[in-house]
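Here's the letter readout for the chains.
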Amino acid sequence: MNITIIGAGAWGTALAISLAAHHRVTLCARDVAQVTAMHSARCNQHYLPDIALPDNLELSANFPAALATAELVIIAVPTAGLRSVLQQIAASPKHCGVVWLCKGFEADTAKLPHQVVAEVLPAGSIPYGVLSGPSFAQEVARGLPTALTLASNDEEFARNTAQALHHSRLRIYASNDVIGVEVGGAVKREGVQLLKAPRVHQEVNTLAGRELAAVVLRLDALRAAALAGLFPHLVEF
């Protein structure tokens, strides 16, 4: 499969390295200087300096050209940049499946990524889904075993794409719980950052955890979030 990954940060680069052994992968960054440096060093010196890029991994700063050959686009930019990338995809003459890795809420609208995607991409013309899970870029890039969930309202797309990306060290499972997967990723990221705060008392941690769990519950995603390892001491089945 021809896969274009948009965004050459740690996670985009790690996933590109992991998938390059099984697919034709193009890692696309908007910064020409970054792409030039990666070409020269054959590594992403800023994010993963100790991990070599596979020889067959293609690098590009030409977004339209990278889209033109893609059978699957994986968006690995922060949530703040998701909408602009989607707008370029929507304007492209060639459409293919889209998967995003970003977590959290869009700052200006407080919308989850799938809500932004539904606003920007033409309805029914492009299958899409979210790829998320308890993973670390360094571990994925080094080939350590990792499990992720690919969730989409289009169950056939989720199943087929998960099967295509799945390999022995990157196990990907299909789901139709888009909200659960997105909220699980968002809450876990923000919760971990909060609970790491060195001067936050345990009582505040507990109250914050309960507030975050309430958000998950309100979005009907409590079970998925609990399975993702979020606040297990607050969840009873």
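Data block above holds the structure.
Let me begin by describing the structure that accompanies this report. (Residues numbered from 1 in each chain as written. Predicted model: local features only at pLDDT ≥ 70, side-chain atom pairs only at ≥ 80, totals over all residues. Heavy atoms only, no water.)

## Re the overall build of the chain
Reasoning step 1: Of regular secondary structure, the chain possesses 10 helices and 10 strands.
Reasoning step 2: For the chain, with 237 residues in total, the buried portion stands at 47%.
Reasoning step 3: A total accessible area of about 12,200 Å² is found for the chain, and carbon and sulfur atoms account for 54% of it. (Helix = DSSP H or I, 4+ residues; strand = E, 2+ residues; numbered from the N terminus. Buried < 20%, exposed > 50% of the residue type's maximum accessible area, 1.4 Å probe, protein only. Areas by Shrake-Rupley, 256 points an atom, 1.4 Å probe, with all protein chains shown as cover.)

## Description of the nonpolar core
Reasoning step 1: Of all hydrophobic cores here, the largest spans 37 residues; its most connected members are Ile5 and Ile74.
Reasoning step 2: Examining the composition of this core, we find that seven residues originate from one element, helix α1 (residues 10-20), more than from any other.
Reasoning step 3: Leave out the neighbours within four places in its chain, and isoleucine 74 touches Ile3, Thr4, Ile5, Ile6, Leu15, Leu19, Val99, Leu101 and Leu165.
Reasoning step 4: Among the nonpolar cores identified, the runner-up in size contains 26 residues, and Cys96, Trp100, Val130 and Val178 belong to it. (Core = buried A, V, L, I, M, F, W, Y, C linked by side-chain atoms within 4.5 Å. Contact = heavy atoms within 4.5 Å.)

## Structural notes on the pairing of strand β9 (residues 146-151)
Reasoning step 1: Relative to β9, strand β8 (residues 128-132) is paired through three bridges, and the arrangement is antiparallel. Paired with valine 130 across the two strands is alanine 151, which belongs to β9.
Reasoning step 2: Note that β9 and strand β10 (residues 170-175) share six bridges and pair parallel. Along β10, the bridge assignment pairs leucine 150 with alanine 174. (Pairing = 2+ DSSP bridges.)

## With respect to α1
Reasoning step 1: Across the 11 residues of α1, 10 count as buried, placing the element largely inside the fold.
Reasoning step 2: Turning to α1, its buried residues number three or more, namely Trp11, Gly12, Thr13, Ala14, Leu15, Ala16, Ile17, Ser18, Leu19 and Ala20.

## Examining the pattern of salt bridges
Oppositely charged side chains may form a pair once their charged atoms are brought near each other.
Reasoning step 1: All chains considered together, the criterion is met by four salt bridges.
Reasoning step 2: Salt-bridge contacts for glutamate 119 lead to arginine 83; the nearest nitrogen and oxygen are separated by 3.0 Å. Of the two residues, glutamate 119 is situated in helix α5 (residues 113-120) and arginine 83 in helix α4 (residues 79-91); the sequence distance between them amounts to 36 residues.
Reasoning step 3: The partner of lysine 111 in a salt bridge is glutamate 119, and the shortest N-O contact between them spans 2.0 Å.
Reasoning step 4: For glutamate 119, a relative accessible area of 42% gives the class partly exposed.
Reasoning step 5: In this structure, a network of salt bridges that share partners links the residues Arg83, Glu106, Lys111 and Glu119. (Salt bridge = Lys/Arg side-chain N within 4 Å of Asp/Glu carboxyl O.)

## Here we look at the packing of α4 against α5
Reasoning step 1: For the pair α4 and α5, the least separation of the axes is 10 Å and the interaxial angle reads 30 degrees. With respect to each other, α4 and α5 are oriented roughly parallel. Pair α4 / α5 crosses with right-handed handedness. For the pair α4 and α5, the contacting residues are Leu82, Arg83, Leu86, Gln87 and Ala90 in the first and Pro113, Val116, Val117, Glu119 and Val120 in the second.
Reasoning step 2: The residue inventory of the contact of α4 with α5, partitioned by class, reads seven nonpolar, one polar and two charged. (Axes fitted to C-alpha atoms, helices over the stretch in contact; angles between N-to-C directions. Parallel < 35°, antiparallel > 145°, perpendicular 65-115°, else oblique. Left-handed = near helix turned anticlockwise from the far one by under 90°. Nonpolar A, V, L, I, M, F, W, Y, C, P; charged D, E, K, R; others polar.)

## Focus: the side chain of asparagine 44
Reasoning step 1: You can see asparagine 44 is positioned in strand β3 (residues 43-44).
Reasoning step 2: At 2.8 Å, the side chain of asparagine 44 and the backbone oxygen of alanine 8 are in polar contact.
Reasoning step 3: Apart from the residues within four sequence positions on either side, asparagine 44 is in contact with Ala8, Gly9, Thr13, Gln34, Met38, Pro49 and Leu53. (Polar contact = N/O pair within 3.5 Å; in protein donor to acceptor, adjacent residues only side chain to side chain.)

## Considerations on unusual backbone geometry
Reasoning step 1: Of note, arginine 42 is a non-glycine position whose phi angle comes to about 55 degrees, a positive value.
Reasoning step 2: With respect to the helices, strands and loops of the structure, arginine 42 is situated in the loop between α2 (32-41) and β3.
Reasoning step 3: Located in the positive-phi region is alanine 110, a residue other than glycine, with phi close to 60 degrees.
Reasoning step 4: One can find alanine 110 in the loop between β7 (97-100) and α5.
Reasoning step 5: A residue is classified by how much of its surface remains accessible, and alanine 110, at 54% relative accessible area, is exposed.

## What about α5?
Think of an α-helix as 3.6 residues a turn; residues three or four steps apart then line up on the same face.
Reasoning step 1: Among all positions of α5, only Pro113, His114, Val116, Val117 and Val120 are buried. Each buried residue of α5 lies within a common arc of 155 degrees when the element is viewed along its axis, so the set occupies one face. (Arc of directions from axis to C-beta.)

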